[in-house]
Amino acid sequence: MATTTNITTTYAGEFAGKYISSALLSANTIDKGGVEVMPNIKYKSTMKKVATDANVIKNASCDFDATATVTLTERLLQPEEFQVNLQFCKQDFQSDWEAVQMGISAFDNLPPKFSDFIIGHVAGLVAEKTEKNIWEGVNANAGEFDGLVTLALADTDVIDAPNHAAVTAANVVEKLGEIVDSIPAALYGKEDVHIYISQNIARAYVRALGGFAATNSGVNAQSHMWYGDGALSFDGVKLFVANGLNDDTAMAAQRSNLYFGTGLLNDMNEVKVLDMADLDGSQNVRVVMRYTSAVNYGIGSDVVLYHA
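Draft legend 1. Representation of helix 1 (residues 17–24). Within helix 1 the residues assigned to the buried category are Gly-17, Tyr-19, Ile-20, Ala-23 and Leu-24. The buried residues of helix 1 all sit within an arc of 165° when viewed along its axis, so they share a single face. Buried residues in helix 1 make contact with strand 1 (9–12), helix 2 (28–31), helix 4 (114–136), strand 11 (258–262), strand 12 (270–275) and strand 13 (284–297).

Draft legend 2. The arrangement of the packing of aromatic side chains in detail. Applying the stated criterion to the full structure yields five aromatic pairs. Ring centres of Trp-135 and Tyr-196 lie 5.2 Å apart, and the angle between their planes is 45°; this geometry places the pair in the tilted category. Pair noted here: Trp-135 is in helix 4 and Tyr-196 is in strand 7 (residues 193–197), with a separation of 61 residues, a long-range link. Across the pair, exposure class does not vary: Trp-135 and Tyr-196 are buried alike.

Draft legend 3. Summary view of the nonpolar core. Counting residues in each nonpolar core, the largest one holds 47 residues, and the members touching the most others are Ile-134 and Trp-135. Listing elements by their share of this core, those giving two or more residues are helix 1, strand 5 (80–89), helix 4, helix 5 (148–153), strand 10 (250–254), strand 11, strand 12 and strand 13. Ranked by the residues each element gives to this core, the list is headed by helix 4, at nine residues. Excluding residues that lie within four positions of it along the chain, Ile-134 makes contacts with Ala-27, Thr-29, Ile-30, Phe-145, Gly-147, Leu-148, Phe-260 and Val-295. Of all hydrophobic cores here, the second largest spans 25 residues; its members include Val-172, Val-193, Ile-197 and Ile-201.

Draft legend 4. Region of the structure containing the pairing of strand 7. Summarising burial for strand 7: five of the five residues are buried, a large majority. In terms of strand pairing, strand 7 meets strand 9 (residues 237–241) through four bridges, oriented parallel. Within strand 9, the position partnered with Tyr-196 by the bridge is Phe-240.

Draft legend 5. Molecular detail of the sheet that holds strand 14 (residues 304–306). Taking strand neighbours across the sheet as the criterion, the six strands line up as 6-14-10-7-9-8 in an open arrangement whose pairing is mixed. Looking along the sheet, the strands with just one partner apiece sit at the ends: strand 6 (159–160) and strand 8 (232–234). Relative to strand 14, strand 6 runs parallel, the two being bridged by two bridges. In the sheet register, Ile-159 faces strand 14, and the bridge partner there is Val-304.

Draft legend 6. Structural detail: the environment of Ala-186. Secondary-structure assignment places Ala-186 in the loop between helix 6 (172–182) and strand 7. By relative accessible area, Ala-186 is classed as exposed at 62%. Residues Ala-186 and Asp-302, 116 residues apart in the sequence, show an inter-C-alpha distance of 9.0 Å.

Rules of the game
- Residues numbered from 1 in each chain as written.
- Predicted model: local features only at pLDDT ≥ 70, side-chain atom pairs only at ≥ 80, totals over all residues.
- Heavy atoms only, no water.
- Buried < 20%, exposed > 50% of the residue type's maximum accessible area, 1.4 Å probe, protein only.
- Helix = DSSP H or I, 4+ residues; strand = E, 2+ residues; numbered from the N terminus.
- Arc of directions from axis to C-beta.
- Contact = heavy atoms within 4.5 Å.
- Phe/Tyr/Trp six-rings, centres within 6.5 Å; stacked < 30°, edge-to-face > 60°.
- Core = buried A, V, L, I, M, F, W, Y, C linked by side-chain atoms within 4.5 Å.
- Pairing = 2+ DSSP bridges.

As far as function goes, none of this settles anything; it's purely spatial.
This is the structure we're talking about:
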């Protein structure tokens with residue numbers, strides 16, 4: 001099955017949405033439901049924060065007497081514009097695409113067109129970068145927006161977990177305990193509270209559960225347990241392995257307090273696959289993507305950060 005020279009495909013606005021969605025929402029943290037996704041933000045979204053003092057309830061009387069002081073503040077979620085400009089040689093991908101067409105593939109849906117195959121490849125690269133941006137992105141760097149860790153480091157309202165150190169199987173229980181102890185009492189026990197942990201913390205905790213960090217023999221005397229990417233928890237708090245977090249970094253927060261914003265149906269969205277054969281005689285294919293994305297949290301005082 002030869003690759004034809006005419007594979008130029010263009011999607012814009014709403015029609016680009018499914019491809020942009022595939023690229024962005026496949027990031028590990030989003031795909032596994034670690035944050036709230038706010039799609040279709042045209043420009044920016046305002047997140048209202050409501051705070052009251054301790055005088056909400058008072059003794060009953062016959063009169064209406066306003067209680068407490070209500071303070072409204074705002075945080076903005078303003079997706080930033082990004083673009084992908086890549087060039088591939090068709091010959092490097094033709095054999096892979098033909099193998100997919102024959103059914104020897106891990107794709108859930110076989111891409112019937114070479115252009116879809118290329119878009120799928122680029123979507124995977126965007127998802128990987130987006131996962132890193134969600135947590136550790138720095139807006140000053142090209143192709144990045146400020147991640148949740150970056151925002152938290154600059155926010156004095158965020159609670160800093162004490163005694164940060166490199167996490168090992170020998171101290172992971174102690175360090176996770178310090179994070180849990182830092183969670184505000186009003187949040188502890190909430191159904192959607194998670195401790196988002198880096199991969200090295202997850203590995204250390206699984207090893208500790210197996211009994212290799214202490215004198216015990218693991219949970220139910222099972223010694224070194226097979227984790228299998230199952231659910232983990234600590235002191236009643238769910239653990240979420242966030243692939244985008246740097247080593248020895250963790251964040252405790254409610255899922256409903258963490259937001260990822262994008263304009264999936266934004267007019268700025270664009271996906272193009274351009275075959276250069278008819279233009280310069282080469283075997284190159286150019287891929288263009290334009291999309292928007294950003295993250296933020298609602299209430300900084302409800303976030304605990306474990307970071308150097």
